[in-house]
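# Structural overview for review
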Amino acid sequence: MANEASAIETAAAALTLRADDVAGRFEVASTKPGRNEADIAQILADLKFGTVFTDHMVHMTWRLQDGWGECRLEDYGDLSLSPAASVLHYGQEIFEGLKAYRHADGSLWTFRPGFNAVRMNASARRMAMPQLEVEDFLGSIVDLVRADAAYVPELPGALYLRPFMFASEAFLGVRPSHRFEYLLIASPVGAYFANGFTPVSIWVSRTYHRAGPGGTGAAKTAGNYASSLLPQQEAAAKGFEQVCFLDARDEVNLEELGGMNVFVVYSDGRVATPRLTGSILEGGTRSAIIQLLADGGIAVEQTAIPLSELIADIESGAVSEVFACGTAAVVTPIGRLASDDFDVSVPFGEMTASIHERLTAIQAGDAEDTHGWMFRIS
Ligand SMILES: *Cc1c(COP(=O)(O)O)cnc(C)c1O
């Protein structure tokens, strides 16, 4: 079965917690006044991605003997860390990314936080890091967004939420850390595409891989991003905005971009996306798009997509659209794909626009949430 629910989707769908069930788990340990209304208004009037953070952050600490504790809502600020903290040497770090939205009636919502909670635990397992209680993950979002509600902009803006966990034990031996910190920080962001869609250009890397068989590609971990930066920099020097990686074993099949999954739309109406091979990160946006298309009678083929076939199909017109997807941009049309031996243009089309429209309408509260994806924070 191509479209059976994944382990993450199944576990996420089983969660029925509501905001009030998980609120108040983090003790308020804030000592400073936050920004005043005028300063927040100024920030919200000129939004950029990930540069300004809200007044508070959630923080808790895990110790080998005690498990998670010291759950607190602190003032946002610098951390104090030993230079021997093992994250700085061996990179035990995982993160998540999601958004909080302000609906027209002023209520605050987020999109499938249970998916992110379950995925964070899947990443933790692969990186030999402790599991988080789903209640703590969801509770951290509820407590922080409620505390810093003034920072959730009007649509199409959102409050970007960044949960992360890292190894903080001061120890240079190579083994899983005996101490970890979990934090949640938040940053108001504007619409990714302020002036309509801008298709991106993609360089297909034949020199580098972001992940390989048995590696950490399916975990949302810092190192995967670190390995994507030099290819990204080299592509940028050639005039390309993003890099697409191929499977590391055969260098034949499309995998994904450094931080976004990819979809291919055929002119006969079929839609395909690379099968989750173990080196691809399972995106929540990818999962939602597969479901939305299934609702409309299109069974997305999760399959191997050989680069050579894709290029030939673009050239023949058999492929009509290619797009990337992820929480930050939702859907990004891909307008050009190139490498040393090809350079093809792809038109921007209906399917990409309609998927973006349907997904953002659910997130905005303008379309019915038939899958129960929206989670009310307040
Ligand atoms: C986060 C991420 C994605 C997109 O995941 P979403 O849940 O849709 O935001 C895709 N690929 C990689 C490598 C990622 O880190």
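Residues numbered from 1 in each chain as written. Predicted model: local features only at pLDDT ≥ 70, side-chain atom pairs only at ≥ 80, totals over all residues. Heavy atoms only, no water.

What follows is about the overall build of the protein chain. Along the protein chain, the regular secondary structure elements total 10 helices and 18 strands. Expected size for 378 residues packed as a compact globule is a radius of gyration near 21 Å; at 21 Å, the protein chain falls within 12% of this value. Buried residues in the protein chain amount to 52% of all 378 residues. Intrachain contacts of the protein chain at a sequence separation of at least 6 include 72% that bridge at least 24 residues. Within the structure as shown, the protein chain displays about 16,700 Å² of accessible surface, and the carbon and sulfur contribution to it stands at 51%. Taking the 28 positively charged and 48 negatively charged side chains of the protein chain as two groups, their mean positions are separated by 4 Å. (Helix = DSSP H or I, 4+ residues; strand = E, 2+ residues; numbered from the N terminus. Rg over C-alpha atoms; globule rule 2.2 N^0.38 Å. Buried < 20%, exposed > 50% of the residue type's maximum accessible area, 1.4 Å probe, protein only. Contact = heavy atoms within 4.5 Å. Areas by Shrake-Rupley, 256 points an atom, 1.4 Å probe, with all protein chains shown as cover. Lys, Arg positive; Asp, Glu negative; His and termini not counted. Charge placed at Lys NZ, Arg CZ, Asp CG, Glu CD.)

Take the side chain of E181 next. Structurally, E181 can be placed in strand 8 (residues 179-189). With relative accessibility at 4%, the residue E181 sits in the buried group. Side chain to side chain, E181 and S168 meet in a polar contact 2.6 Å long. At 2.7 Å, the side chain of E181 forms a polar contact with the side chain of R179. Aside from chain neighbours lying at most four places away, what touches E181 is H59, M60, T61, W68, R72, F164, M165, F166 and S168. (Polar contact = N/O pair within 3.5 Å; in protein donor to acceptor, adjacent residues only side chain to side chain.)

Take the domain arrangement of the protein chain next. When its domains are assigned, the protein chain resolves into domain 1 (7-190) and domain 2 (200-364). Between domain 1 and domain 2, the C-alpha centre-to-centre distance is 27 Å. Contacts between the two partners involve 21 residues from domain 1 and, on the opposite side, 19 residues from domain 2. Where domain 1 abuts domain 2, roughly 1,800 Å² becomes buried across the two surfaces, and 56% of that area is made up of carbon and sulfur atoms. Linking domain 1 to domain 2 there are 0 salt bridges. Taken together, the links from domain 1 to domain 2 amount to 15 residue pairs in polar contact (both at pLDDT 80 or more). (Domains from an automatic or database assignment. Buried area = accessible area lost by both parts, 1.4 Å probe. Salt bridge = Lys/Arg side-chain N within 4 Å of Asp/Glu carboxyl O.)

Taken together, 15 residues lie near the ligand, and K220, Y225, E256, T285 and T327 sit nearest. In this structure, Y225 approaches the ligand through a side-chain N or O atom, which is 2.5 Å from an oxygen atom. For the ligand, an oxygen atom lies 2.7 Å from a polar atom in the backbone of G284. Contact with the protein chains hides 96% of the accessible area of the ligand, taken as 380 Å² for the molecule alone. Taken together, the residues of the shell around the ligand break down into 3 nonpolar, 8 polar and 4 charged. (Near = heavy atom within 4 Å. Nonpolar A, V, L, I, M, F, W, Y, C, P; charged D, E, K, R; others polar.)

The next subject is the packing of helix 8 (residues 284-295) against helix 10 (residues 350-363). Between two packed helices, the angle of one axis relative to the other and the distance separating the axes together describe the packing. Following both chains from N to C, one finds helix 8 and helix 10 inclined at 105 degrees, their axes separated by 11 Å at the closest point. Put simply, helix 8 runs roughly perpendicular to helix 10. Of helix 10, the residues touching helix 8 (which contributes T285, A288, I289, L292, L293 and D295) are M351, I355, R358, L359 and I362. For the contact of helix 8 with helix 10, the residue count by class is 8 nonpolar, 1 polar and 2 charged. (Axes fitted to C-alpha atoms, helices over the stretch in contact; angles between N-to-C directions. Parallel < 35°, antiparallel > 145°, perpendicular 65-115°, else oblique.)

Moving residue by residue along a regular strand, the side chains alternate between the two faces of the sheet. Counting buried positions along strand 9 (residues 200-205) gives 6 out of 6 residues, so the element sits mostly inside the fold. Because side chains alternate across strand 9, one face comprises the buried residues V200, I202 and V204, and the other comprises S201, W203 and S205, equally buried. When strand 9 meets strand 16 (residues 330-339), the two strands line up parallel, connected through 4 bridges. If you follow S201 over to strand 16, its bridge partner there is R336. Here 4 bridges tie strand 9 to strand 10 (residues 242-246), and the two strands are oriented parallel to one another. Bridge pairing links I202 to Q242 in strand 10. Once you follow strand 9 into helix 7 (residues 222-237) and on to strand 10, the crossover reads as right-handed. (Pairing = 2+ DSSP bridges. Right-handed = clockwise from strand over helix to strand, strands pointing away.)

In terms of backbone geometry, most residues other than glycine have negative phi values and most peptide bonds are trans. With an omega dihedral of 5 degrees, the bond running from L155 to P156 counts as a cis peptide bond. Looking at the element boundaries, P156 is found in the loop between helix 6 (134-147) and strand 7 (158-167). Its identity is not glycine, yet A128 carries a phi of approximately 55 degrees, on the positive side. With respect to the element layout, A128 can be found in the loop between helix 5 (113-126) and helix 6. Taking the relative accessible area as the measure of exposure, A128 reaches 41% and is therefore partly exposed. The backbone phi angle of V330 is positive, close to 65 degrees, even though this residue is not glycine. Along the chain, the position of V330 falls in strand 16.

On to the environment of G317. Looking at the secondary structure, you find G317 in the loop between helix 9 (307-316) and strand 15 (319-326). Note: C-alpha distance between G317 and Y225 (92 residues apart in sequence) is 33 Å.

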